[in-house]
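Structure at a glance
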Amino acid sequence: MSGHSRKEDEVRRMLDLPHPPVPADLTARATALGTRLLNRRRTWRLLFWLLVTVTVIAFTVWASVVEPWSLPPSEKTPPLEGW
């Protein structure tokens, strides 16, 4: 008997046994757990996007006040020649 047919025979024997009893409230518990998981994921997603939005707004306000793209004023004046 090869390994494949032995495993197949074992699976067939397991499937021929009577199925174990299922608790009556299994569906309600599974639904409640799924609802909690979905709510938790939705809350984390909302908090993530809220944090991203606040970060973008804060960066925009900072950039508009500081203007990091403009050059700072020079400390020395250029020499005047040709007067």
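Everything numeric in this text was worked out from a predicted model, so none of it was measured. (Residues numbered from 1 in each chain as written. Predicted model: local features only at pLDDT ≥ 70, side-chain atom pairs only at ≥ 80, totals over all residues. Heavy atoms only, no water.)

Helix and strand content of the protein chain: two helices and zero strands. Taken against the 2.2 N^0.38 rule, which gives 12 Å for 83 residues, the C-alpha radius of gyration of the protein chain at 35 Å runs more than 25% over that of a compact globule. Dimensions along the principal axes, computed over C-alpha positions, put the protein chain at roughly 110 × 40 × 10 Å. Summed over its atoms, the accessible surface of the protein chain is roughly 8600 Å², and 68% of this surface lies on carbon and sulfur atoms. (Helix = DSSP H or I, 4+ residues; strand = E, 2+ residues; numbered from the N terminus. Rg over C-alpha atoms; globule rule 2.2 N^0.38 Å. Areas by Shrake-Rupley, 256 points an atom, 1.4 Å probe, with all protein chains shown as cover.)

A word on the environment of Pro68. Among the structural elements, Pro68 can be located in the segment after α2 (26-66). Take Pro68: its relative accessible area is 45%, and that puts it in the partly exposed class. Sequence-wise, Pro68 and Leu47 are 21 residues apart; in three dimensions their C-alpha atoms are separated by 29 Å. With residues up to four places along the chain from it excluded, the contact list for Pro68 reads Trp62 and Ala63. (Buried < 20%, exposed > 50% of the residue type's maximum accessible area, 1.4 Å probe, protein only. Contact = heavy atoms within 4.5 Å.)

To continue, consider α2. When the terminal C-alpha atoms of α2 are compared, their 59 Å separation across 41 residues agrees well with the 60 Å that a helix rising 1.5 Å per residue should span. Of the residues one or two after α2, Glu67 is the one with positive phi, at around 50 degrees. (Expected span 1.5 Å × (residues − 1).)

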